[in-house]
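Residue-level structure breakdown
Each chain, letter by letter, is given below.
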Amino acid sequence: LNEHGFSYITFKGIALTSCVFDSDYYMRAFNDLDLIARPDACDEMYEFLQGEGYSIWMNRDKYDVELFKKLIHHYPALSKDGEKTYHAVEVHHRITHQYCSYEFDIEAMIERAQNVEIKGVSVPVPSTEDHLILLCYNLYKSEAQAPCYSIKSLYDILAFVGKMNIDWNKVI
């Protein structure tokens, strides 16, 4: 994606592992790669990934992508050649659901992004303060949708706050 000029950030999962757990991938389980793209480039990024051999995860070709995008905050998950694995790529066109009264400024978050090295590749991740806010929102969303994921989300926040140097004035 970097080589093709896409502006995006990756968050949660692998980004959190790289920032907080010193790339110890056994400390934080994840099964997808969450990408937030500039809203005006999401369709292009999604189509690019499909051109690179990614298809709708677990071959769920029944999805109406346009309807999915209206209802959900990301496109249907993709995996390499539609593999039936638990490793998928989610391209987020927004962070909140459509009925949420608050929306994050994705453009500003991408502008504030910092790069981290993940397995030899420079990958943009949210600024420390943006990442914390995203993790807090994810906890809120997890509690509302699937309380069983709340423990993992809470642990993410606790580990993040314990490891990162946070400018609390930027968070507030």
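Basis of the calculations
- Residues numbered from 1 in each chain as written.
- Predicted model: local features only at pLDDT ≥ 70, side-chain atom pairs only at ≥ 80, totals over all residues.
- Heavy atoms only, no water.
- Helix = DSSP H or I, 4+ residues; strand = E, 2+ residues; numbered from the N terminus.
- Areas by Shrake-Rupley, 256 points an atom, 1.4 Å probe, with all protein chains shown as cover.
- Expected span 1.5 Å × (residues − 1).
- Buried < 20%, exposed > 50% of the residue type's maximum accessible area, 1.4 Å probe, protein only.
- Arc of directions from axis to C-beta.
- Salt bridge = Lys/Arg side-chain N within 4 Å of Asp/Glu carboxyl O.
- Core = buried A, V, L, I, M, F, W, Y, C linked by side-chain atoms within 4.5 Å.
- Contact = heavy atoms within 4.5 Å.
- Patch = residues over 30% accessible without salt bridge, like charges linked within 9 Å, V, L, I, M, F, W, Y side chains within 5 Å.
- Pairing = 2+ DSSP bridges.
- pLDDT = per-residue confidence, 0-100.

Per the secondary structure count, the protein includes 7 helices and 7 strands. If you sum the accessible surface of the protein, you get close to 9700 Å²; carbon and sulfur atoms cover 54% of it.

For helix α6 (residues 150–163), with 14 residues, the first-to-last C-alpha span of 20 Å sits near the 20 Å given by 1.5 Å per residue. When we look at burial in α6, the residues that qualify are S150, S153, D156, I157, A159 and F160.

With that settled, consider helix α2 (residues 42–51). Taken together, the buried positions of α2 are C42, M45, Y46, F48 and L49. Seen along its axis, α2 keeps its buried residues to an arc of 160°; they face one direction. The exposed residues of α2 that point more than 90 degrees off its buried face are E44, E47 and G51. Looking one or two residues past α2, G53 carries a phi angle of roughly 100°, positive in sign.

Before going further, it helps to examine the pattern of salt bridges. With the rule as written, the count across this model stands at 4 salt bridges. For D34, the salt bridge identified is with K12, shortest N-O distance 3.8 Å. Taken together, the residues span a long stretch of sequence, with D34 in strand β2 (residues 32–37) and K12 in the loop between β1 (8–11) and α1 (13–20) at a distance of 22 residues. The exposure class assigned to D34 is buried, which follows from its relative accessible area of 2%. Judged by its relative accessible area of 13%, K12 is buried.

Right, let's talk about the nonpolar core for a bit. If you look at the biggest cluster of nonpolar residues, it comprises 31 residues, and the most contacted ones within it are V20, M45, V91 and F160. Of all the elements in the fold, those that place two or more residues in this core are α1, β2, α2, β5 (88–92), β6 (114–118), β7 (121–125), α5 (128–145) and α6. When sequence neighbours within four positions are dropped, the list of residues in contact with M45 reads L1, F6, Y8, L35, A37 and V91. The next biggest cluster of nonpolar side chains, apart from the first, holds 10 residues, and it includes F11, M109, I110 and L134.

On the surface, V161, W168 and I172 cluster together to form a nonpolar patch covering roughly 360 Å² of accessible area. Structurally, the position occupied by I172 is in the segment after α7 (168–171). A residue is classified by how much of its surface remains accessible, and I172, at 86% relative accessible area, is exposed.

Covered by surrounding structure in β1 are Y8 and T10 together with I9 and F11, the residues of both alternating faces. Across 4 bridges, the pairing between β1 and β2 is antiparallel. Opposite T10, over in β2, you have L35 as the bridge partner.

Now for unusual backbone geometry. Positive phi outside glycine occurs at K12, with the angle close to 60°. With a phi angle near 50°, K119 is a residue other than glycine that sits in the positive phi range.

Turning our attention to the confidence of the model for the protein. Of all residues in the protein, 88% have pLDDT values of 70 or greater, and the mean over the chain is 84. By mean pLDDT, the top-scoring element of the protein is helix α4 (residues 106–112) (95), and the lowest-scoring one is helix α3 (residues 65–71) (71).

What follows concerns the environment of A41. The residue A41 is located in the loop between β2 and α2 in this model. Sequence spacing of A41 and Y8 is 33 residues, and the spatial spacing of their C-alpha atoms is 9.2 Å.

Take the pairing of β5 next. Counting buried residues along β5, 5 of its 5 residues qualify, which places the element largely inside the surrounding structure. Burial along β5 is two-sided: the residues A88, E90 and H92 and V89 and V91 are all buried. The pairing of β2 with β5 spans 5 bridges and is classified as parallel. Pairing of L35 across the sheet is with V91, part of β5.

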